[in-house]
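Descriptive analysis of the structure
The primary structure of each chain is shown beneath.
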Amino acid sequence: MSGIDWNDLKYFIAVAQHGSTLAAARALGVAQSTVQRRITELERCAGRQLVRRHASGYRLTEFGKAMLVHAERVGSAAQALQQHLESCEREVSGVVRVTCPEPVAGRIAQTTLLDRFHARHPRLRVEFVLSDHYIDLMKGEADIALRSGDTDDGELVGRKIGDSVWALYASRGYVDLHGAPADVAALSQHALVGFDHTMQNHRAAKWLAQVAPDARFAARNNSVLGVIGSVKAGMGIAPLPLALGDAEPELVRVLGPVPELTRIWRILTRADLRKTPRVAAFFDYIVEEIDALRPIFGG
């Protein structure tokens, strides 16, 4: 039985069941010549004749009858495996780890998006990995990212799900005391709130360093939520996403939107995870819900 192709057993079983290569071919949806060729190859590997042709059709040899018992067991096992795989495909279960900035997760949690997802997939659980830094999907630190900004990782696949638009904000108390800048050039005359060294590569940090290199910083933070807190406390002016700045009643938009800070939001995952049931379930759901996500990302 050296070198046997187990796929050939289904042709053998079909001939045994239907009594001819023509009927077996019809049942399997293949050409009659294919059935004949695969039976011949199976006989070659077995080293014995399995069927004989008679006027009324094909009959199994004594060796063929003995082999049929074992072939049918293999066929039953293969069918059971296929049914198991299909069942696993239907019953998506497990954990999907989703990374995004903390404010985004908070805004999603305030909607019914997650409730509706869990109602559709009751055996699947979403676990957020919250960070303003990019979590490395390729190292397996998360399965899916909801991310704004540029990505040059060619091993990730994704879809656009919204726009990230930024403007400059200050507290009402700050504006009452110090006024609002007339333009970007006037930022150097105001106290600013920005990111610390851990976030120095953020586009907002780079933009402030470019347009107001000599400005005085009243506070630096390692997260967007930290920046919001400092601005609400009246410490200075800072660039913020419209979705967050406009949602704070204590804040006023003093400049913008700023075109240089506009980026797109994407949902991203690794190419090898994209079609796995648990990841595909959440990825496809988010794409379906783009209209519901727009105010979360864009304000």
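Let me sum up the structure you'll find in this document. Since this is a predicted model, take the numbers as computed values, not measurements.

1. Considerations on the packing of aromatic side chains
Scanning all chains against the criterion turns up 3 aromatic pairs. Judged by centre distance (5.2 Å) and plane angle (85 degrees), the rings of Phe117 and Phe282 are edge-to-face. In this pair, Phe117 sits in helix 6 (residues 113–120) while Phe282 sits in helix 11 (residues 277–288), placing the two residues 165 residues apart along the sequence. Of the two residues, Phe117 and Phe282, both sit in the buried class.

2. Some words on the side chain of His190
In this structure, His190 sits in the loop between helix 7 (172–178) and strand 8 (191–195). Owing to a relative accessible area of 8%, His190 belongs among the buried residues under this scheme. A polar atom in the side chain of His190 sits 2.9 Å from the side chain of Tyr174.

3. What about unusual backbone geometry?
A cis amide bond links Gly256 to the next residue, Pro257, at an omega of 10 degrees. Its place among the elements puts Pro257 in the loop between strand 11 (251–255) and strand 12 (263–270).

4. Thoughts on the pattern of salt bridges
Tallied over the entire structure, the rule returns 16 salt bridges. Between Arg120 and Glu288 there is a salt bridge whose closest N-O contact spans 3.1 Å. Within this pair, whereas Arg120 is found in helix 6, its partner Glu288 is found in helix 11, the two being separated by 168 residues in sequence. By relative accessible area, which is 43% here, Arg120 ends up partly exposed. Notably, a salt bridge pairs Lys232 with Glu248, separated by 3.2 Å at the nearest N-O pair.

What counts, and at which threshold
Here the residue index of a chain counts from 1 through its sequence in written order. Reporting of local features is limited, given that this is a predicted model, to residues whose pLDDT is at least 70; pairs of side-chain atoms are given and counted only at 80 or more, and all residues count toward the totals for whole chains, interfaces and linings. Only hydrogens and water are set aside when side-chain values are computed; all heavy atoms of the structure are taken into account. Between 30 and 60 degrees the pair is tilted, below 30 it is stacked and above 60 it is edge-to-face, where a pair is any two Phe, Tyr or Trp rings, Trp via its six-membered ring, whose centres lie within 6.5 Å. Put simply, DSSP H or I for four residues or longer makes a helix, DSSP E for two residues or longer makes a strand, and each gets a number counted from the N terminus. Any residue under 20% of the maximum accessible area for its type is buried, any over 50% is exposed, and the rest in between are partly exposed; the area is computed with a 1.4 Å probe on protein chains only. For the purposes of these results, a polar contact is taken to be a pair of N or O atoms within 3.5 Å, where, inside protein, one atom must be able to donate a hydrogen and its partner to accept one; residues adjacent in sequence count only when each atom of the pair is a side-chain atom. Each salt bridge in this description consists of a side-chain nitrogen of Lys or Arg and a carboxyl oxygen of Asp or Glu lying within 4 Å of one another.

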